[in-house]
Amino acid sequence: MPRSEEILVAAAMTGRLAAVPVEEGATVAAGQILATLENADHLARVSAAEAALALARAELERTLNGARPAERAEAAAAVAEAEAALALAKLEWERQQGLSQRHVNNQQDLDRSRSAYDGAAARLARARFQREVIDSPPRADEQARAAANVALAQARLEAARALFEKSLVRSPIAGTVLRKLRHAGEQVTELGDTPIVAIGDISTLRVRAEVDEADFALIRSGQEAYVQADAFGARRFSGHVVRLGQRMGRKTLRSEQPNERMDTRVLEVLIDLERDAVLPVGLRVDVYFELHG
């Protein structure tokens, strides 16, 4: 078996496979995309969330920086224009007052000039108020609201990206594709019952052996061992013990010998073969331990 054991890689969400670009025997890096689910809707949500975040950031920057120079200049010009209009209206009203004292005009002309003066004064007051609003620094509540909108937009973007990422099935390790179990167009689920590919790290092959309880005291970590397989005749593949099980258990491997006992208790032992050992994953082998002294 691979050093990492055989890993069945499944999707993190339910959907239809758009592509499975890897083939059996291919070497893959950790994090490499092994398959892609149909995800156009998820990608659109990411784009929308990015745009919303950009808008929220622009609003925050506007709140912190206040009005633009052009807006400030426009407000100042509006005040100057209103002041000039008020001065002109005042002159006209004063002129009409003088005429009224000499009984040259009538009451209607006097009332009209007073109304124009009051209107000009009101417009000046409004222009000055607008200029003060533009020139005043942002309030704390406005800044807090704008900052909160940015944080909310950022969170929504991260959620959209996380959902999109689930549509990309990545390799958890660097290894080799041992089996390709699904193809584009097939439906998969997040329950793990529809694995897409099986991968494993075969840079070092590992053998799982079962040692009878009567012999396990002869085995130690680091002990030299070798394996043989019928397909390779008398050829030996060297290795060493890397791990001993911590618990005795029932025998699970069978040698297909007619007189084999299955009621014996065994200890699981893992042997790493030398890197030059090239054997098919899953091949049954016979294990021999080197006993010294």
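Procedures and definitions
Residues numbered from 1 in each chain as written. Predicted model: local features only at pLDDT ≥ 70, side-chain atom pairs only at ≥ 80, totals over all residues. Heavy atoms only, no water. Helix = DSSP H or I, 4+ residues; strand = E, 2+ residues; numbered from the N terminus. Rg over C-alpha atoms; globule rule 2.2 N^0.38 Å. Areas by Shrake-Rupley, 256 points an atom, 1.4 Å probe, with all protein chains shown as cover. Lys, Arg positive; Asp, Glu negative; His and termini not counted. Charge placed at Lys NZ, Arg CZ, Asp CG, Glu CD. Pairing = 2+ DSSP bridges. Contact = heavy atoms within 4.5 Å. Salt bridge = Lys/Arg side-chain N within 4 Å of Asp/Glu carboxyl O. Buried < 20%, exposed > 50% of the residue type's maximum accessible area, 1.4 Å probe, protein only. Expected span 1.5 Å × (residues − 1).

J.: Report on the overall build of the chain, specifying residues and quantitative values.
T.: Tallying secondary structure elements over the chain gives 4 helices and 14 strands in all. Compactness check: the chain gives a C-alpha radius of gyration of 42 Å against a globular reference of 19 Å for 293 residues, more than 25% above the reference. Its C-alpha atoms put the chain at 140 × 45 × 35 Å along the principal axes. By element, 52% of the accessible surface of the chain is carried by carbon and sulfur atoms, the whole surface being about 18,300 Å². Of the charged side chains in the chain, 39 are positive and 43 negative; the average position of the first set lies 5 Å away from that of the second.

J.: Before we move on, can you summarise the sheet that holds strand S2 (residues 15-19) with the specific residues and values?
T.: Read from one edge of the open sheet, 4 strands run S5-S4-S2-S7, paired in antiparallel fashion. This sheet does not close on itself; its edge strands, each paired only once, are strand S5 (168-170) and strand S7 (187-188). In the sheet, S2 pairs with S7 via 2 bridges, with the strands oriented antiparallel. Within S7, the position partnered with Gly15 by the bridge is Val188.

J.: How would you summarise the environment of Ala26 if you had to cite specific residues and measurements?
T.: Within the element layout of this structure, Ala26 appears in the loop between S2 and strand S3 (27-28). A C-alpha to C-alpha distance of 30 Å links Ala26 and Asp41, two positions 15 residues apart in sequence. Those residues in contact with Ala26 that lie beyond four places of it in its chain are Gly175, Thr176 and Val177.

J.: Pulling in residues and values, what's your account of the pattern of salt bridges?
T.: Considering all chains together, one arrives at 12 salt bridges under this definition. Across the pair Arg45 and Asp41 runs a salt bridge, and its minimum N-O distance is 3.8 Å. With Arg45 and Asp41 both in helix H1 (residues 40-65), this residue pair falls 4 residues apart, about one helical turn. A relative accessible area of 45% places Arg45 in the partly exposed class.

J.: Describe the pairing of strand S13 (residues 265-273), with residues and values.
T.: S13 sits mainly inside the fold: 7 of its 9 residues count as buried. By the bridge criterion, 7 bridges tie strand S9 (residues 206-212) to S13 in an arrangement that is antiparallel. Across the sheet, Val211 pairs through a bridge with Leu267, a residue of S13. By the bridge criterion, 5 bridges tie strand S11 (residues 237-244) to S13 in an arrangement that is antiparallel. Note that in S13 the partner of Arg243 across the bridge is Leu270. Here 2 bridges tie strand S12 (residues 249-250) to S13, and the two strands are oriented antiparallel to one another. Bridge assignment links Arg250 to a residue of S13, and that residue is Arg265.

J.: Quick one: what's the story with the sheet that holds S3, residue by residue and with numbers?
T.: With antiparallel pairing, the 4 strands of this open sheet are ordered in space as S1-S8-S6-S3. Bordering the open sheet on either side are strand S1 (7-9) and S3, each of which pairs with just one other strand.

J.: Before we move on, could you go through helix H4 (residues 140-166) and cite the residues and values that matter?
T.: Given a rise of 1.5 Å per residue, 27 residues ought to cover 39 Å, and the 39 Å separating the end C-alpha atoms of H4 matches this to within 8%. Along H4, the residues classified as buried are Ala146, Val150, Ala153, Leu157 and Ala160. Buried residues along H4 sit in contact with H1.

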